[in-house]
Amino acid sequence: MDALSPHLGGPSRPPPSDLAHLCAALLDGIATPDEAKSRWAAACALVSAYPDQEAPQVAAAQVLELQRGPDSLLETWTALHRRFPQNRLALRMALRWLARAGRRDDASALIEAACLKPATTV
């Protein structure tokens with residue numbers, strides 16, 4: 001299950017001008033899985049506050065990643081890639097977890113879909 005999906009259903013409000021700074025601060029100085037676990041609630045609160053914003057979701061997924069253990073990383077990164085297909089980190093991490101799971105065909109399909117460009121008419 002995507003670990004972020006329970007935090008995405010609420011009402012959206014305009015993001016603060018320092019949202020990128022808040023997301024960076026969330027990740028700043030995490031050196032151990034326990035430190036990452038201690039910031040998980042704050043990461044989820046940020047996602048809940050701004051459910052349509054990319055930066056809090058990516059930061060929260062990174063906090064989850066730094067916990068070094070949650071089973072939901074594959075689902076979380078692939079869902080994040082679906083929500084924000086232009087986010088390169090989400091694509092890279094989804095591919096990483098698909099490869100770790102031995103799902104090479106799914107990884108190839110994801111790469112192919114990411115590389116497809118809409119036809120342009122002249």
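The structure this text deals with has already been given above.
All figures in this text were calculated on a predicted structure; none of them were measured in a lab.

Attention now moves to unusual backbone geometry. With the exception of glycine, the majority of residues adopt a negative phi angle, and the majority of peptide bonds are in the trans configuration. Positioned with a positive phi, arginine 68 is a non-glycine residue whose angle comes to about 50°. The residue arginine 68 is located in the loop between helix H3 (54–66) and helix H4 (73–83) in this model. We classify arginine 68 as exposed; its relative accessible area is 60%.

Axis separation between H3 and H4 bottoms out at 11 Å; the angle between their running directions is 165°. With respect to each other, H3 and H4 are oriented roughly antiparallel. Between H3 and H4 lies a crossing of left-handed hand. Residues Gln57, Val58, Ala61, Gln62, Leu64 and Glu65 of H3 touch H4, and the partners they reach there are Leu73, Thr76, Trp77, Leu80 and Arg83. Per-class residue counts for the contact of H3 with H4 are 6 nonpolar, 3 polar and 2 charged.

Here we take up the packing of helix H5 (residues 88–100) against helix H6 (residues 104–115). Taken N-terminus to C-terminus, the directions of H5 and H6 make an angle of 160°; their axes are 8 Å apart at the nearest point. Classed by the angle they form, the pair H5 and H6 counts as roughly antiparallel. For the crossing formed where H5 meets H6, the hand is left-handed. Side by side, H5 and H6 meet where Leu91, Ala94, Leu95, Leu98 and Ala99 of the first sit next to Arg104, Asp106, Ala107, Leu110, Ile111 and Ala114 of the second. Considered class by class, the residues forming the contact of H5 with H6 number 9 nonpolar, no polar and 2 charged.

Right, let's get into helix H2 (residues 33–49). With 17 residues, H2 ought to run about 24 Å at 1.5 Å a step, and its terminal C-alpha atoms sit 24 Å apart, in line with that. Considering bend angle alone, the principal kink of H2 is centred on arginine 39 and spans about 40°. Of the residues making up H2, those classed as buried are Ala36, Trp40, Ala43, Cys44, Leu46, Val47 and Ala49. Contacts made by the buried residues of H2 are with helix H1 (19–27) and H3.

The subject of this paragraph is the environment of leucine 95. Structurally, the position occupied by leucine 95 is in helix H5. In sequence terms leucine 95 and histidine 81 are 14 residues apart; their C-alpha atoms lie 9.9 Å from each other. Those residues in contact with leucine 95, other than ones at most four positions away along the chain, are Ala107, Leu110 and Ile111.

Let's shift gears to the packing of aromatic side chains. Throughout the structure, instances matching the rule amount to 0 aromatic pairs. Arginine 100 extends its terminal NZ or CZ atom over the ring of tryptophan 97, reaching a point 4.6 Å from the ring centre.

In this section: the pattern of salt bridges. Under the criterion given, the structure shown has 3 salt bridges. Two residues, aspartate 2 and arginine 83, come together in a salt bridge whose shortest N-O distance is 2.8 Å. Linking aspartate 2 in the segment before H1 with arginine 83 in helix H4, this pair joins segments that are 81 residues apart in sequence. Under the relative-accessibility criterion, arginine 83 is labelled partly exposed at 30%. Taking the shortest distance from any N to any O, the salt bridge between aspartate 106 and arginine 103 comes out at 2.7 Å. When its relative accessible area of 35% is taken as the criterion, aspartate 106 is described as partly exposed. By relative accessible area, which is 37% here, arginine 103 ends up partly exposed.

Conventions used here
- Residues numbered from 1 in each chain as written.
- Predicted model: local features only at pLDDT ≥ 70, side-chain atom pairs only at ≥ 80, totals over all residues.
- Heavy atoms only, no water.
- Helix = DSSP H or I, 4+ residues; strand = E, 2+ residues; numbered from the N terminus.
- Buried < 20%, exposed > 50% of the residue type's maximum accessible area, 1.4 Å probe, protein only.
- Axes fitted to C-alpha atoms, helices over the stretch in contact; angles between N-to-C directions.
- Parallel < 35°, antiparallel > 145°, perpendicular 65-115°, else oblique.
- Left-handed = near helix turned anticlockwise from the far one by under 90°.
- Contact = heavy atoms within 4.5 Å.
- Nonpolar A, V, L, I, M, F, W, Y, C, P; charged D, E, K, R; others polar.
- Expected span 1.5 Å × (residues − 1).
- Bend = angle between axes of the 7 residues up to and from the residue.
- Phe/Tyr/Trp six-rings, centres within 6.5 Å; stacked < 30°, edge-to-face > 60°.
- Lys NZ or Arg CZ within 6 Å of the ring centre and 35° of its normal.
- Salt bridge = Lys/Arg side-chain N within 4 Å of Asp/Glu carboxyl O.

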